[in-house]
Amino acid sequence: MASAAAAAYDRLAELKAFDETKAGVKGLVDAGVAELPRIFHAPPHILDAYPTAAAEDPNYVFPIIDLGGAWEDPEKRKKVVAEIRDASASWGFFQVVNHGVPASVVEEMKAGAHRFFNLDVEEKKQYYGRDMRKKVVYHSNLDLYTSSSANWRDAVMFQMAPNPPAPEELPTSCRDVVTEYSSEMLKIGDSLFELLSEALGLKSNYLKEMGCAEGVNVVYNYYPACPQPELTLGTTQHADIGFISVLVQDDVGGLQVLHKDHWVDVPPMADGLVINIANLLQVINEFP
């Protein structure tokens with residue numbers, strides 16, 4: 001019976017059928033799917049690769065760094081730089097508060113994500129694809145045909161700097177806020193690269209002069225309610241490309257980072273931006 005079921009399962013055909021809807025996982029949810037399609041079933045060795053650290057374990061307290069005063073008070077700046085150095089070396093992640101990005105912009109970005117993913121499928125389809133040369137790309141699983149299992153996630157990516165799309169190329173549902181948010185990310189990027197340069201023992205403009213702060217890709221990741229969440233993941237284990245990633249969580253949470261062979265929950269914070277030391281920055285110079 002098992003071999004017959006395996007023979008009847010045509011994974012490629014199911015992947016193509018899902019992809020051709022251009023409706024993503026939200027389309028499955030909207031259609032009322034009650035059982036997780038097999039293409040989303042993650043292998044047990046991925047689901048159970050590492051345990052999750054207990055929230056109360058003092059060895060797994062996610063680092064939170066207060067940037068307030070770091071540009072006015074030299075002693076505060078030294079403290080912040082030291083904290084960034086320690087967190088980057090031991091975690092590769094940290095969360096910053098009092099960073100200067102207006103809360104209203106962050107909240108409107110979250111609202112913009114919901115507006116985009118709640119558009120009619122026919123309206124979203126015009127942005128669907130896997131051609132990353134385009135300035136706006138909506139997709140579900142860029143690696144759909146090469147991964148061992150699909151993630152329960154839809155996404156839309158905007159290449160906003162250094163060569164932004166024309167305004168009419170951006171969806172009207174989030175056009176204004178994506179443009180404003182990108183401007184704010186360029187500002188916070190400049191600030192973070194100054195602090196990271198100093199954390200590396202370099203002059204403060206070192207990383208900016210290398211061009212690390214020039215590019216901005218903005219990505220909305222959308223994780224609809226899943227009928228069988230124990231069988232899949234929203235995002236599998238990975239390392240980010242680029243120099244740094246700046247992540248915003250909503251109040252649902254769910255973001256985890258790997259630390260000392262344990263998954264650690266990143267606490268959602270209304271004023272928090274999660275900073276990830278990505279691959280290219282690690283190549284430039286390892287933290288001491």
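Position numbers for residues count from 1 along each chain, tracking the sequence in the order it is written. Only residues with pLDDT of at least 70 get local features here, since the model is predicted, and only at 80 or more are side-chain atom pairs given and counted; chain-wide, interface and lining totals rely on the full set of residues. In computing side-chain properties, one takes all heavy atoms of the structure into account and sets aside hydrogens as well as water.

(A) Just helix α2 (residues 11–21), in detail. The set of residues buried in α2 consists of Leu 15, Phe 18 and Asp 19. The buried residues of α2 occupy one face: seen down the axis, they fall within an arc of 100 degrees. Whether two residues touch is decided by their heavy atoms; if any such pair falls within 4.5 Å, the residues are in contact. Helix and strand assignments come from DSSP, with helices taken as H or I runs of at least 4 residues and strands as E runs of at least 2, each series counted from the N terminus. In this structure, the buried side of α2 is in contact with α3 (24–30). Two residues or fewer after α2 comes Lys 22, characterised by a positive phi angle close to 55 degrees. For every residue, the accessible area obtained with a 1.4 Å probe (protein chains only) is divided by the maximum for its type, and the residue is called buried under 20%, exposed over 50%, and partly exposed between those limits. Here, the arc refers to the directions that run from the helix axis to the C-beta atoms.

(B) The arrangement of empty space enclosed by the protein in detail. Space inside and on the surface of the protein is sampled on a 1 Å grid over the protein atoms alone, with a cavity defined as a set of points where a 1.4 Å probe fits but cannot get out and a pocket as an open set with protein on both sides within 12 Å along at least 5 of 7 lines; lining residues have an atom within 4 Å of a point. Grid points are joined across faces, edges and corners, and a volume is the space filled by probe spheres set on the points. According to the stated counting rule, one finds 2 cavities of 30 Å³ or more in the structure shown. Reported here for the largest cavity is a volume of approximately 40 Å³. What lines the largest cavity is simply His 99, Val 101, Ala 103, Val 106, Lys 110, Val 248, Met 269, Ala 270, Asp 271, Gly 272 and Leu 273. Ranked by residue count, the leading element in the lining of the largest cavity is helix α6 (residues 103–117), at 3 residues. Gly falls in the polar group here, along with every residue not listed as nonpolar (Ala, Val, Leu, Ile, Met, Phe, Trp, Tyr, Cys, Pro) or charged (Asp, Glu, Lys, Arg). Among the residues making up the lining of the largest cavity, the classes are represented as 7 nonpolar, 2 polar and 2 charged. Within this model, the second largest cavity holds a volume of roughly 40 Å³. In terms of lining residues, the second largest cavity is bounded by Gln 95, Gln 249, Pro 267, Pro 268, Met 269, Gly 272 and Val 274.

(C) Local environment of unusual backbone geometry. Residue Pro 162 follows Ala 161 across a cis peptide bond; omega there is 10 degrees. Its place among the elements puts Pro 162 in the loop between β4 (154–161) and α8 (175–199). The phi dihedral of Asn 98 falls on the positive side, at around 55 degrees, and the residue is not glycine. Here Asn 98 shows up in the loop between β2 (93–97) and α6. Assessed through its relative accessible area of 44%, Asn 98 is described here as partly exposed. Despite not being glycine, Asp 261 shows a phi value in the positive range, around 60 degrees. Among the structural elements, Asp 261 can be located in the loop between β7 (256–259) and β8 (262–265).

(D) Geometry of the environment of Tyr 9. Within the secondary structure, Tyr 9 sits in the loop between α1 (2–8) and α2. Given a relative accessible area of 18%, Tyr 9 falls into the buried group. Between the C-alpha atoms of Tyr 9 and Val 121, which are 112 residues apart in sequence, the distance is 27 Å. Dropping the residues within four chain positions of it, Tyr 9 is found in contact with Glu 14, Arg 38 and Ile 39.

(E) Main features of the UniProt feature "domain: Non-haem dioxygenase N-terminal" (unreviewed entry) in the chain. UniProt positions are given in the numbering used here, feature names are shortened, and annotations may be inferred rather than shown by experiment. Here, UniProt's "domain: Non-haem dioxygenase N-terminal" (unreviewed entry) annotation points to residues 63–165. Each end of residues 63–165 is marked by a C-alpha atom, and these two atoms are 35 Å apart; helix forms 36% of the span and strand 19%.

(F) Geometry of the environment of Ser 147. Here Ser 147 lies in the loop between β3 (136–139) and β4. Residue Ser 147 is classed as buried on the basis of its relative accessible area of 17%. When the C-alpha positions of Ser 147 and Ala 23 are compared, they lie 19 Å apart, and in sequence the two are 124 residues distant. Whenever a nitrogen or oxygen atom comes within 3.5 Å of another N or O atom, the pair is scored as a polar contact, on the condition that within protein one atom can donate a hydrogen and the other can accept it, and that pairs from neighbouring residues in sequence are kept only if both atoms are in side chains. Among the polar contacts listed, one links the side chain of Ser 147 to the backbone oxygen of Ser 149, at a separation of 3.0 Å.

(G) Expanded view of the environment of Glu 122. Topologically, Glu 122 is positioned in helix α7 (residues 121–125). A distance of 3.1 Å separates polar atoms of two side chains, one belonging to Glu 122 and the other to Lys 125.

(H) Broad picture of the side chain of Arg 153. Positionally, Arg 153 belongs in the loop between β3 and β4. We note that Arg 153 is buried and unpaired, the nearest opposite charge coming from Asp 143 at a distance of 5.9 Å. A polar contact is formed between the side chain of Arg 153 and the backbone oxygen of Gly 234, at a distance of 2.8 Å. Here Arg 153 is in contact with Val 25, Ser 140, Asn 141, Asn 221, Tyr 222, Tyr 223, Gly 234 and Thr 235, once residues within four sequence places are set aside. When charges are tallied, Lys and Arg are placed among the positive residues and Asp and Glu among the negative ones, while His and the ends of the chain are skipped. We define a salt bridge as a side-chain nitrogen of Lys or Arg found within 4 Å of a carboxyl oxygen belonging to Asp or Glu.

(I) Region of the structure containing the packing of aromatic side chains. Working definition: a ring pair exists when centres of Phe, Tyr or Trp rings (six-membered ring for Trp) sit within 6.5 Å. Plane angles under 30 degrees give stacked, over 60 give edge-to-face, the rest tilted. Evaluation of the coordinates by the stated rule reveals 11 aromatic pairs. Seen from their ring centres, Phe 116 and Tyr 138 are 5.6 Å apart, and the 75 degrees between their planes marks the pair as edge-to-face. With Phe 116 in helix α6 and Tyr 138 in strand β3, this residue pair connects regions lying 22 residues apart in the sequence. A single burial state applies to Phe 116 and to Tyr 138, both of which are buried. A ring pair is formed by Phe 158 and Tyr 220, whose centres lie 6.0 Å apart and whose planes are at 85 degrees; its orientation type is edge-to-face. With a gap of 62 residues between them, Phe 158 in strand β4 and Tyr 220 in strand β5 (residues 216–222) connect regions that are remote in the sequence. Here Phe 158 and Tyr 220 have matching classes, each one buried. Aromatic rings pair up to connect Phe 116, Phe 117, Tyr 127, Tyr 128, Tyr 138 and Tyr 222 into one cluster.

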